[in-house]
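# Observations on the model geometry
Now for the letters of each chain:
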Amino acid sequence: MSTPQSYTEFEATLDKSNPPSHWPQALQALWYQAKGDWEASHNIAQELHSAMGSLIHAHLHRDEGDDWNAKYWYRQAGRLFPTVSLEEELKQLVNEVIA
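## Quick look at the packing of aromatic side chains
Using the criterion set out here, one finds five aromatic pairs in the structure. When the ring of Tyr 72 is compared with that of Trp 73, the centres are 5.0 Å apart and the planes differ by 85°; the resulting orientation is edge-to-face. Over the ring of Phe 81 we find Lys 71, and its NZ or CZ is 5.6 Å from the ring centre.

Now the structure itself:
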């Protein structure tokens, strides 16, 4: 399975048990989050020492309701705390990674 070219293609992979190993780590982390596996997503995100890693980390802490920690990670990524829903933010992050 190749790297998805759209969010719709990404969503179509969510019936699998694991993301493809050749996908970028950021996309794998987002895949686990989309599947509801916060822990697996967090394990990957905390090892991504990049702006995208910080954004995913922020999203995860926002999802768990830890806004203080999330705001820290958004600042690390150079972004403001989002006003969109978690679902919309996840879609935006996926689209950034696959762009």
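## Remarks on the packing of helix α2 (residues 25–35) against helix α3 (residues 38–45)
Interaxial distance between α2 and α3 falls to 7 Å at its minimum, and their mutual angle equals 160°. Relative to α3, the element α2 is oriented roughly antiparallel. Once α2 is placed against α3, the crossing between them reads as left-handed. In contact with Gln 25, Gln 28, Ala 29, Leu 30, Tyr 32 and Gln 33 of α2, α3 contributes Trp 38, Ala 40, Ser 41, Ile 44 and Ala 45. Here the residues of the contact of α2 with α3 are counted per class, giving seven nonpolar, four polar and no charged.

## Some thoughts on helix α4 (residues 51–63)
Here α4 spans 18 Å end to end across 13 residues, near enough to the 18 Å set by a 1.5 Å rise per residue. In terms of residue burial, α4 counts as a mostly covered element, since 11 of its 13 residues are buried. Listing the buried residues of α4 in full gives Met 52, Gly 53, Ser 54, Leu 55, Ile 56, His 57, Ala 58, His 59, Leu 60, His 61 and Arg 62. Buried-residue contacts for α4 involve α2, α3, α5 (67–77) and α6 (86–98). Just beyond α4, the residue with positive phi is Gly 65, at close to 90°.

Parameters and conventions
- Residues numbered from 1 in each chain as written.
- Predicted model: local features only at pLDDT ≥ 70, side-chain atom pairs only at ≥ 80, totals over all residues.
- Heavy atoms only, no water.
- Phe/Tyr/Trp six-rings, centres within 6.5 Å; stacked < 30°, edge-to-face > 60°.
- Lys NZ or Arg CZ within 6 Å of the ring centre and 35° of its normal.
- Axes fitted to C-alpha atoms, helices over the stretch in contact; angles between N-to-C directions.
- Helix = DSSP H or I, 4+ residues; strand = E, 2+ residues; numbered from the N terminus.
- Parallel < 35°, antiparallel > 145°, perpendicular 65-115°, else oblique.
- Left-handed = near helix turned anticlockwise from the far one by under 90°.
- Contact = heavy atoms within 4.5 Å.
- Nonpolar A, V, L, I, M, F, W, Y, C, P; charged D, E, K, R; others polar.
- Expected span 1.5 Å × (residues − 1).
- Buried < 20%, exposed > 50% of the residue type's maximum accessible area, 1.4 Å probe, protein only.

Interpretation in functional terms is not warranted from these geometric data alone.
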